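Secondary and tertiary structure notes
Below, each chain spelled out in residue letters.
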Amino acid sequence: DGIRDIGVTGVQTCALPISRLDLFDLAGASRWVDRAFEIDGKSAEAHQAAGRLAAAQGDPVTAEVHFELVIQSSEYDPRPWMELAQLSLAAGERELARERSLEATRRAEADPSVFLAHARVLAALDDLVGAVGACDDALLRDNESAEASTLRAFLLERIREQEGR
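Residues numbered from 1 in each chain as written. Predicted model: local features only at pLDDT ≥ 70, side-chain atom pairs only at ≥ 80, totals over all residues. Heavy atoms only, no water.

Concerning unusual backbone geometry
What you tend to see is this: most non-glycine residues have negative phi, and most peptide bonds are trans. Within the chain, D126 stands out as a residue other than glycine whose phi angle is a positive 65 degrees. Take D126: it is sitting in the loop between helix 7 (112-124) and helix 8 (128-141). (Helix = DSSP H or I, 4+ residues; strand = E, 2+ residues; numbered from the N terminus.)

Have a look at this one:
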């Protein structure tokens, strides 16, 4: 479809399967992942997209392989760690999910969105106090984050409800 002819890079091509996945267009995402691998078969971005596609298709084993390849080639990228945490949550591997999510925060210590994602993982694990702490960490990095503030308030309300029982 002319991707090479218009000079689109592998990284730009990888944004397309992610956007297709966000629209639940697995067939379209699959075509773009294939195209990304044609352009650069070793691309961390292509593996990240392929891992998300495999996870969306219900194939966590293949997804994990792709995320591990991203980790090998992109040391400071927190995304594969968060994706692996989500796979662990889905598999009921609670401690592994916590470890992988925490590793993501180590990979991108300045990124508030990683701490917000970590807070969501902790909340899913019913570690509400830890999740509030992760929201605080996100707010330390971006004190205007409405999402972190809102999640923090929601978590504090849940803690109060649990204490009232």
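Digging into the environment of P80
Along the polypeptide, P80 turns up in helix 5 (residues 79-90). Residue classification places P80 among the buried residues on the basis of a relative accessible area of 0%. When the C-alpha atoms of P80 and L69 are compared, they prove to be 9.0 Å apart, with eleven residues separating the residues in sequence. With residues up to four places along the chain from it excluded, the contact list for P80 reads Q48, F67, V70 and I71. (Buried < 20%, exposed > 50% of the residue type's maximum accessible area, 1.4 Å probe, protein only. Contact = heavy atoms within 4.5 Å.)

Examining the side chain of T105
Within the secondary structure, T105 sits in helix 6 (residues 94-107). Note on T105: relative accessible area 6%, which makes it buried. Setting aside chain neighbours within four positions, we find T105 in contact with V114, F115 and H118.

Points about helix 2 (residues 26-39)
Taking 1.5 Å per residue as the helical rise, helix 2 with its 14 residues ought to reach 20 Å, and the 20 Å between its terminal C-alpha atoms agrees with that figure. Restricting attention to buried positions, one finds in helix 2 the residues G28, A29, W32, V33 and A36. For helix 2, the buried positions fall inside an angular range of 135 degrees around the axis, keeping them on one side. (Expected span 1.5 Å × (residues − 1). Arc of directions from axis to C-beta.)

A closer look at a nonpolar patch on the surface
There is a patch of nonpolar side chains on the surface, built from V61, V65 and L69 and spanning about 260 Å² of accessible area. Relative to the elements of secondary structure, V61 occurs in helix 4 (residues 60-73). The class of V61 is exposed, set by a relative accessible area of 61%. (Patch = residues over 30% accessible without salt bridge, like charges linked within 9 Å, V, L, I, M, F, W, Y side chains within 5 Å. Areas by Shrake-Rupley, 256 points an atom, 1.4 Å probe, with all protein chains shown as cover. Salt bridge = Lys/Arg side-chain N within 4 Å of Asp/Glu carboxyl O.)

Thoughts on the pattern of salt bridges
Applying the stated rule across the entire model yields twelve salt bridges. For R98, the salt bridge goes to D127, with nearest N and O atoms at 2.9 Å. Of this pair, R98 sits in helix 6 while D127 sits in the loop between helix 7 and helix 8; the two residues are 29 residues apart in sequence, bridging distant segments of the chain. Classification of R98 as partly exposed rests on a relative accessible area of 24%.

So, the packing of helix 4 against helix 5
Relative to each other, helix 4 and helix 5 sit at 155 degrees, their axes nearing to 9 Å. In this view, helix 4 runs roughly antiparallel relative to helix 5, as classed from their interaxial angle. For the element pair helix 4 and helix 5, the recorded crossing hand is left-handed. Between helix 4 and helix 5, the residues in contact are P60, A63, E64, F67, E68, V70 and I71 and P80, W81, E83, L84 and L87, respectively. (Axes fitted to C-alpha atoms, helices over the stretch in contact; angles between N-to-C directions. Parallel < 35°, antiparallel > 145°, perpendicular 65-115°, else oblique. Left-handed = near helix turned anticlockwise from the far one by under 90°.)

Here we look at the packing of aromatic side chains
What the rule picks out here adds up to zero aromatic pairs. The residue whose ring lies beneath R141 is F115, and the NZ or CZ to ring-centre distance is 4.0 Å. (Phe/Tyr/Trp six-rings, centres within 6.5 Å; stacked < 30°, edge-to-face > 60°. Lys NZ or Arg CZ within 6 Å of the ring centre and 35° of its normal.)

Let's talk about the nonpolar core
As a rule of thumb, soluble globular proteins bury nonpolar side chains together. Judged by nonpolar contacts, the single largest core of 16 residues is most densely connected at A119, A131, C135, A148, L151 and L155. Mapped onto this core, the elements with two or more residues apiece are helix 7, helix 8 and helix 9 (146-164). Of the residues forming this core, the biggest block, seven residues, is contributed by helix 8. Listed in part, the 15 residues of the second largest apolar core include F67, A85, V114 and A117. (Core = buried A, V, L, I, M, F, W, Y, C linked by side-chain atoms within 4.5 Å.)

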